[in-house]
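# Coordinates in review
Given next are the chains, with one letter for each unit.
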Amino acid sequence: MSRNLDSPVQTQMAVAVFKTPLSGANKMEGKQQQHHKHHHHQQLQRQSSGRRVFVQTETGCVLGMELDRSDNVHTVKRRLQIALNFPTEESSLTYGDMVLTNDLSAVRNDSPLLLKRNFMHRSSSTPCLSPTGRDLQQKDRSGPIEILGHSDCFSIVKHMVKDIVKAMKMGVEPLPVHSGLGGAYYFRNKRGESVAIVKPTDEEPFAPNNPKGFVGKALGQPGLKSSVRVGETGFREVAAYLLDYNRFANVPPTALVKITHSVFNVNDGVKGNKPREKKLVNKIASFQKFVAHDFDASDHGTSSFPVASVHRIGILDIRIFNTDRHGGNLLVKKLDGVGMFGHVELIPIDHGLCLPETLEDPYFEWIHWPQASLPFSDEELDYIQSLDPLKDCDMLRRELPMIREACLRVLVLCTIFLKEAAAYGLCLAEIGEMMTREFRPGEEEPSELEVVCIEAKRSVTERDVFSPRSDVVGEAEFQFDLDCDELESVYGSKIQLTDDYFTKNPFSNGRSSLGKLEESIKEEDDDDDDEEDNTENAVPMITTMKDSFFSSAAFHDKALSLSKLSTSMKNTHLSDTGRKNIKPLTRGKSENTSSGHKSANEQLPVSASFVKVADMKEDEWVLFLERFQELLGPAFAKRKTATLSKRQRLGTSCQF
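Since the structure is predicted, the reported quantities are computational estimates derived from the model, not experimental observations.

Basis of the calculations
- Residues numbered from 1 in each chain as written.
- Predicted model: local features only at pLDDT ≥ 70, side-chain atom pairs only at ≥ 80, totals over all residues.
- Heavy atoms only, no water.
- Helix = DSSP H or I, 4+ residues; strand = E, 2+ residues; numbered from the N terminus.
- Buried < 20%, exposed > 50% of the residue type's maximum accessible area, 1.4 Å probe, protein only.
- Contact = heavy atoms within 4.5 Å.
- Areas by Shrake-Rupley, 256 points an atom, 1.4 Å probe, with all protein chains shown as cover.
- Polar contact = N/O pair within 3.5 Å; in protein donor to acceptor, adjacent residues only side chain to side chain.
- Expected span 1.5 Å × (residues − 1).
- Pairing = 2+ DSSP bridges.
- Axes fitted to C-alpha atoms, helices over the stretch in contact; angles between N-to-C directions.
- Core = buried A, V, L, I, M, F, W, Y, C linked by side-chain atoms within 4.5 Å.
- Left-handed = near helix turned anticlockwise from the far one by under 90°.
- Nonpolar A, V, L, I, M, F, W, Y, C, P; charged D, E, K, R; others polar.
- Salt bridge = Lys/Arg side-chain N within 4 Å of Asp/Glu carboxyl O.
- Phe/Tyr/Trp six-rings, centres within 6.5 Å; stacked < 30°, edge-to-face > 60°.
- Patch = residues over 30% accessible without salt bridge, like charges linked within 9 Å, V, L, I, M, F, W, Y side chains within 5 Å.
- Lys, Arg positive; Asp, Glu negative; His and termini not counted.
- Charge placed at Lys NZ, Arg CZ, Asp CG, Glu CD.

## Details of the overall build of the chain
- Helix and strand content of the chain: 19 helices and 18 strands.
- Here the chain, with 656 residues, has 57% of them falling under the buried criterion.
- Taking contacts inside the chain between residues at least 6 apart in sequence as the whole, the part at least 24 apart equals 77%.
- Accessible surface for the chain amounts to roughly 27,500 Å². Of this, 50% is attributable to carbon and sulfur atoms.

Put into structure tokens, the structure is as follows:
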């Protein structure tokens, strides 16, 4: 795909979305009765005759359509072309990792699909045309808000949707959220109270219809974080909620929706990505319950936060490998001594940068807090040990079928790592330290978690030296083309393991990179300065399987003994040659950006990738997890030694 990723997309970003009319809709008297029976009729018709899908183009256009048994990829593209006047030649219809060739049987009801252009040959003189608001009302008989999912967890969201739809009919307008880097909107009830915050996927940072000037990439391309694609933060928000069983960490109810309103932003590529005239448009968006709060954690003394609250949020962050947990996305609500967490309640939000497709550098603001150095309670340990990463993956595949396998592998690694570390006796801060990289001038070094992964993957690679694997058809479609180095820089002879990795203190100073980025934008508006901010990306957490997957002698013949591994880690060091592939973190202005727009590459430097989990075949992945689990013991022992040494130097532990 030949395109300049540094320059804004110069094409019209129409987002007119409509679904074909449902035949045989009953006409009944009474608006409420009509709406209820019509909605019930829609559900019955979809169950009996087909499925409903929402096809989104990489420029943000969305079309909802009903599928029947005769539909295939060709007919879907044809209907999209007719409805939106959108060229569909040289394009691919994708469903998460899957590139649909013709058959649509794998697509589930109410799923979002993405139409990606294989070549950039759009013409700004023939932009996509949006049907008018009147056309939308005539053609689209679905509700103004449709939940894309059928989990029982969405029952609260359904009640919120009803309240908002009633308010919309009464003329209560949503309010745009002015903070943050992406487009977001408060949707209100009939009393004018905020009920939900809605974030359209095509208004994310650097997405085509971002209302704040952060444009330049199509949906599906690497985004604000290189391992999280543009347009895919929404389902990650939902995943965090679904994984927060029994509201353990207090994540607000969240769902993925198709939502129709004129408040949303649509940039006009013909006129330099300026907002177009407002009209009714459909969007795919995350829909999260609005939680009234008094302030966020960055405005409050963190030492007073309840230990249980910090631990529970930290446990979630480790499981989902959160790359952006800063004080601004921890809401604080005063409870006056009443509530599950004592005097205040913490509400974690903004999980769009969790579950990356590869291991990066996570950001855990709580790693600095004294609560994180206290041991887990028995209740917390029981919760951790009850987690089943394989069941988690099955649940997410069922509820969010568009989620990518690379994300699920990171989830498995992190959950296993959490379970094993907690069972070994590590506290939350120690686990977070092992997952976090240490930044040195001009370079990054792998975290302790990544060092174990590198060695585990090396074992798998050595096993396959004399039996090279065959090419896999379609493997390129599964791989996410991140800014990764060649295999030798991931687990070859250039990178060696050093004892220093297991004794370093990876605490990093300052707030998360995204918070700094937003502050720099404000300074840019005032001083017209284009400064870049250093990034703290996400480091994947590593996990271990409950039992060994293999017991054959062939596997154990290849495995290094734990004592030999400990010796190798003590006596080897990362060579200068191995560091050459690590990109230095620099400040400066990107050369290939247009005036008035912020390029993704201009704002955040790309984090080095030391190890990938998505490039392993299934048998290699299982063997990798076994080796990974075997190597965790020495790593945990070294971390415990480092912690004791640090406490002896300090002379006392944290008290509050």
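## Considerations on the side chain of E430
- Assignment of secondary structure puts E430 in helix 10 (residues 428-435).
- With relative accessibility at 2%, the residue E430 sits in the buried group.
- For E430, the side chain forms a polar contact with the main-chain nitrogen of C427, separated by 2.9 Å.
- Aside from chain neighbours lying at most four places away, what touches E430 is G425, R639, K640 and T643.

## Topic: helix 6 (residues 307-319)
- Helix length check: helix 6 (13 residues) gives 18 Å between terminal C-alpha atoms against 18 Å at 1.5 Å per residue, within 8%.
- Counting buried residues along helix 6, 11 of its 13 residues qualify, which places the element largely inside the surrounding structure.
- Here helix 6 has its buried residues at S309, V310, H311, R312, I313, G314, I315, L316, D317, I318 and R319.
- Positive backbone phi, approximately 50°, marks F321, located one or two places after helix 6.

## Some words on the sheet that holds strand 5 (residues 111-117)
- On the basis of which strands lie adjacent, the open sheet formed by five strands has the order 2-1-5-3-4 and mixed pairing. Each end of this open sheet is capped by a strand with a single partner; those strands are strand 2 (62-67) and strand 4 (98-100). Averaged over all neighbouring strand pairs, the angle between strand axes comes to 35°, with direction disregarded.
- Bridge analysis of strand 3 (residues 91-95) against strand 4 gives three bridges, and the strand direction is antiparallel. By the bridge assignment for strand 4, L93 is matched with L100.
- Each of strand 1 (51-57), strand 2, strand 3, strand 4 and strand 5 is contacted by helix 2 (residues 73-84), which is oriented at about 135° to strand 2, the strand it contacts most.

## Comments concerning the environment of A635
- As for its placement among the helices and strands, A635 is situated in helix 19 (residues 618-650).
- Using a relative accessible area of 1% as the deciding quantity, one classes A635 as buried.
- Spatially, the C-alpha atoms of A635 and A421 are 9.8 Å apart, while their sequence positions differ by 214 residues.

## Section: the sheet that holds strand 16 (residues 344-348)
- Pairing in this open sheet of three strands is antiparallel, and the strands run 14-15-16 from one edge to the other. Each of the sheet's edge strands pairs with one partner strand only, and the pair in question is strand 14 (295-296) and strand 16.
- Pairing of strand 15 (residues 330-334) with strand 16, which is carried by five bridges, proceeds in the antiparallel orientation. Note on strand 16: the bridge partner recorded for K334 is V344.

## Re the nonpolar core
- Core analysis: the largest hydrophobic core is formed by 108 residues, its most contacted members being F287, L396 and F628.
- Not counting the four nearest positions on each side in its chain, F287 is found in contact with I145, V157, M160, V161, I164, A196, I197, V198, P253, T254, A255 and V257.
- Core analysis: the next-biggest nonpolar cluster, separate from the first, contains 18 residues, V55, F86, L113 and L115 among them.

## As for unusual backbone geometry
- Phi is positive for F206, which is not a glycine, with a value near 75°.
- Along the polypeptide, F206 turns up in the loop between strand 9 (194-200) and helix 5 (233-243).
- Despite not being glycine, R247 has its phi angle at roughly 55°, a positive value.

## Some thoughts on the packing of helix 7 (residues 378-386) against helix 9 (residues 405-424)
- Where helix 7 contacts helix 9, the two axes come as close as 9 Å, and the packing angle between them is 140°. For the pair helix 7 and helix 9, the crossing hand works out as left-handed. Judged by residue contacts, L381, I384, Q385 and S386 of helix 7 engage L418, K419, A422 and A423 from helix 9.
- Residue composition of the contact of helix 7 with helix 9, by class: five nonpolar, two polar and one charged.

## Side note on the pattern of salt bridges
- The full count for this structure, using the stated rule, is 28 salt bridges.
- The partner of K199 in a salt bridge is D350, with the nearest N and O atoms 2.6 Å apart. Placement of the pair is K199 in strand 9 and D350 in the loop between strand 16 and helix 7, with a sequence separation of 151 residues.
- Given the relative accessible area of 24%, K199 is considered partly exposed.
- Classification of D350 by relative accessible area gives partly exposed; the value is 28%.
- In this structure, K640 and E430 form a salt bridge, with 3.6 Å as the shortest nitrogen-oxygen distance.

## Side note on the packing of aromatic side chains
- Applying the stated rule across the entire model yields 11 aromatic pairs.
- Ring centres of Y424 and F636 lie 5.4 Å apart, and the angle between their planes is 45°; this geometry places the pair in the tilted category. Linking Y424 in helix 9 with F636 in helix 19, this pair joins segments that are 212 residues apart in sequence.
- Residue classification places Y424 among the partly exposed residues on the basis of a relative accessible area of 39%.
- Here F636 falls in the buried class, since its relative accessible area comes to 2%.
- Here W621 and F624 contribute two aromatic rings whose centre-to-centre distance is 5.8 Å and whose plane-to-plane angle is 15°, an arrangement assigned as stacked. Of this pair, W621 and F624 are both found in helix 19, three residues apart, which corresponds to roughly one turn of the helix. Of the two residues, W621 and F624, neither departs from the other in class, the shared state being buried.
- Every member of this aromatic cluster is reached through a ring pair, and the members are Y185, F187 and F264.

## Here we look at a positive patch on the surface
- On the surface, K158, K162, K166 and K190 cluster together to form a positively charged patch.
- Mapped onto the secondary structure, K162 falls in helix 4 (residues 155-169).
- The class for K162 is exposed, based on a relative accessible area of 53%.

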